[in-house]
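Here's the letter readout for the chains.
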Amino acid sequence: MYFSLSNIFPIVWVALAAAVVAAVWALYAGLGRARRVAAAALAGAEAPDEAAKWPGITVVVYARDNAADLEEMLPGLLAQDYPGDWEVLVVNDGKAEGVTDAVNLLSATSEAGRRLRLTFIPEEAHNLSRKKLAISLGVKGAKYPFVLLTSAVCRVGSPRWLRLMGRHFAAGREVVLGWAPMRGLERLSDRYDEVATASVWLDSALRGAPYRGTGYNLGYSRRLFNEAKGFSRSLNLHSGDDDIFIRQIATGENCAVELSADSRVEVAAFRPRSRWRDERLRHVFTSRFLPSGARRLAGSVTAALWVWLAATAVGVVFSLPNALPSCGFAAVAAGLWIPLCAGWSRCGRSLGVSVSPWGAWWPMLWHWRRTLSYRLRCGSSSRKNYTWLQK
């Protein structure tokens, strides 16, 4: 083993150049995205939430056979500190008596129960998306010009949630994209997948090209909903209410992104990993109807990491026993992975998701395999995707 600048094969120099270029691109495209999302969360927390006039808002809560979730979720929702007029409209998917009882009990015993209303969609409704029908009924039945959408499986952790989301309506925006992390994801690969996936559409919206939100924490005006004729463009799909529809109505001028900690809601699913997998499959399927530029840019980061890995392996092998090139490759590796892992860990914290900086490199390298698996599973027609295949 020796150190020398002489007797270094040309292939080693080429490999070192490729490793540097790949590292620079991964830092520019990947770390830049993570930093923009983290900065937006910090800016949202520090921005004032005062307005001259607060618009009326209807919170539409989707519920399906989960009365226990409603009993836990509604008290936090009814405790919101919002200066304007607002109400909560629970849309019961079916006629589950437990959901009706939970709403009626809170209406009768809670001081804020006067804000609470209930409607339902019949079990007999077939060959359509029940979620979209529930949202449509909620928007049509809303008293106020703006609606915020969430679900009974969510937990509103702060009494300022409605105020923080509503401040963008007060400022003249008509679409507000919030964030809702999944509670209980134990695997680092799942948590990184959650953060990496969210950062793609959040960063795109922050750069003025919104195309997706999350149906657990999303708001828009009734005017936009009516002008777009609801979900008329995706009636043949079960999904699309929080991505295809958002792509239709949202622009860089009328859309705001709200990422402050108090504006988040948590998804408290019974089986969080299974719920997250189903959500990912749903959005991977509908992504074929959406612009692919932001996703391709994110995919190029993973490709760059593998180019770096291959170039590093080739360079080190062909330079031995000369250790000097290996030191150069080690320096490139440190300059790549230390800021990259730290940046994604910070991005995760800003979104309320724990991503360890020490182990983040592993899911970063193998994120493509999970994405490919989801795409392959969504390649054929399924009752989970198309309403016309529903029994």
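This text gives an overview of the structure that appears in the document. (Residues numbered from 1 in each chain as written. Predicted model: local features only at pLDDT ≥ 70, side-chain atom pairs only at ≥ 80, totals over all residues. Heavy atoms only, no water.)

**What to know about the overall build of the chain**
- Across its full length, the chain carries 12 helices and 9 strands.
- Relative to the compact-globule value of 21 Å for 391 residues, the chain shows a C-alpha radius of gyration of 24 Å, a close match.
- Taking the principal axes of its C-alpha atoms as reference, the chain extends roughly 85 × 50 × 35 Å.
- The long-range fraction of contacts in the chain, counting pairs at least 24 apart against all pairs at least 6 apart in sequence, stands at 85%.
- As presented, the chain carries roughly 17,600 Å² of accessible surface, and 59% of it is formed by carbon and sulfur atoms.
- With 48 positive and 32 negative side-chain charges, the chain shows a separation of 8 Å between the mean positions of the two kinds. (Helix = DSSP H or I, 4+ residues; strand = E, 2+ residues; numbered from the N terminus. Rg over C-alpha atoms; globule rule 2.2 N^0.38 Å. Contact = heavy atoms within 4.5 Å. Areas by Shrake-Rupley, 256 points an atom, 1.4 Å probe, with all protein chains shown as cover. Lys, Arg positive; Asp, Glu negative; His and termini not counted. Charge placed at Lys NZ, Arg CZ, Asp CG, Glu CD.)

**Overview of the side chain of Ser 199**
- The residue Ser 199 is located in helix α6 (residues 188–206) in this model.
- A polar contact of 2.8 Å, which involves the side chain of Ser 199, links it to the backbone oxygen of Ala 196.
- Discounting chain neighbours no more than four positions away, the residues touching Ser 199 are Arg 33, Val 37 and Trp 344. (Polar contact = N/O pair within 3.5 Å; in protein donor to acceptor, adjacent residues only side chain to side chain.)

**Examining the pattern of salt bridges**
- On inspection of all chains with the given rule, the structure shows 22 salt bridges.
- For Asp 203, the salt bridge goes to Arg 36, with nearest N and O atoms at 2.6 Å. You can see Asp 203 sitting in helix α6 and its partner Arg 36 sitting in helix α1 (residues 10–46), a full 167 residues away along the chain.
- Accessibility expressed as a relative area gives 36% for Arg 36, which makes it partly exposed.
- Close ionic contact of Arg 130 with Asp 93 constitutes a salt bridge, the shortest N to O distance being 2.6 Å. Residue Arg 130 is found in helix α4 (residues 130–141), and its partner Asp 93 is found in strand β2 (residues 86–93); the two are separated by 37 residues along the sequence.
- When its relative accessible area of 13% is taken as the criterion, Arg 130 is described as buried.
- The class of Asp 93 is buried, set by a relative accessible area of 1%.
- Salt bridges sharing common partners tie together Asp 49, Glu 50, Arg 160, Arg 163 and Asp 262. (Salt bridge = Lys/Arg side-chain N within 4 Å of Asp/Glu carboxyl O. Buried < 20%, exposed > 50% of the residue type's maximum accessible area, 1.4 Å probe, protein only.)

**Notes on the pairing of β2**
- For β2, the buried fraction is high: 8 of the 8 residues fall into the buried class.
- Covered by surrounding structure in β2 are Trp 86, Val 88, Val 90 and Asn 92 together with Glu 87, Leu 89, Val 91 and Asp 93, the residues of both alternating faces.

**Some remarks on a nonpolar patch on the surface**
- Where nonpolar side chains cluster on the molecular surface, the patch consists of Phe 9, Ile 11, Val 314, Val 317 and Phe 318 and spans about 440 Å² of accessible area.
- Per element, the largest residue contribution to the nonpolar patch is 3 residues, and it comes from helix α10 (residues 293–319). (Patch = residues over 30% accessible without salt bridge, like charges linked within 9 Å, V, L, I, M, F, W, Y side chains within 5 Å.)

**A word on unusual backbone geometry**
- Cis peptide bonds are those with omega within 30 degrees of zero, and the linkage from Leu 320 to Pro 321 qualifies with 10°.
- The topology assignment puts Pro 321 in the loop between α10 and α11 (324–350).
- Phi at Asp 65 is positive, roughly 55°, even though this residue is not glycine.
- With respect to the helices and strands, Asp 65 occurs in the loop between β1 (57–63) and α2 (67–78).

**Observations regarding the nonpolar core**
- If you look at the biggest cluster of nonpolar residues, it comprises 79 residues, and the most contacted ones within it are Val 175, Tyr 220, Leu 259, Trp 337 and Met 364.
- If you tally residues by element for this core, the top one is α1, at 12 residues.
- When residues no more than four places from it in sequence are discounted, the contact partners of Leu 259 are Val 37, Ala 40, Ala 41, Trp 179, Leu 202, Arg 264, Ser 350 and Leu 351.
- In this structure, Ala 63, Met 73, Cys 154 and Val 176 belong to the second largest nonpolar core, which totals 39 residues. (Core = buried A, V, L, I, M, F, W, Y, C linked by side-chain atoms within 4.5 Å.)

**Quick word on the pairing of strand β4 (residues 146–151)**
- The element β4 is extensively covered by neighbouring structure, given that 6 of its 6 residues are classed as buried.
- Of the two faces of β4, the one lined by Phe 146, Leu 148 and Thr 150 and the one lined by Val 147, Leu 149 and Ser 151 are each fully buried.
- For β1 and β4, the ladder comprises 6 bridges, and the chain directions are parallel. Paired with Ile 57 across the two strands is Phe 146, which belongs to β4.
- As judged from the 4 bridges shared by β4 and strand β7 (residues 218–221), these two strands associate in the antiparallel manner. By the bridge assignment, Phe 146 is partnered in β7 with Ser 221. (Pairing = 2+ DSSP bridges.)

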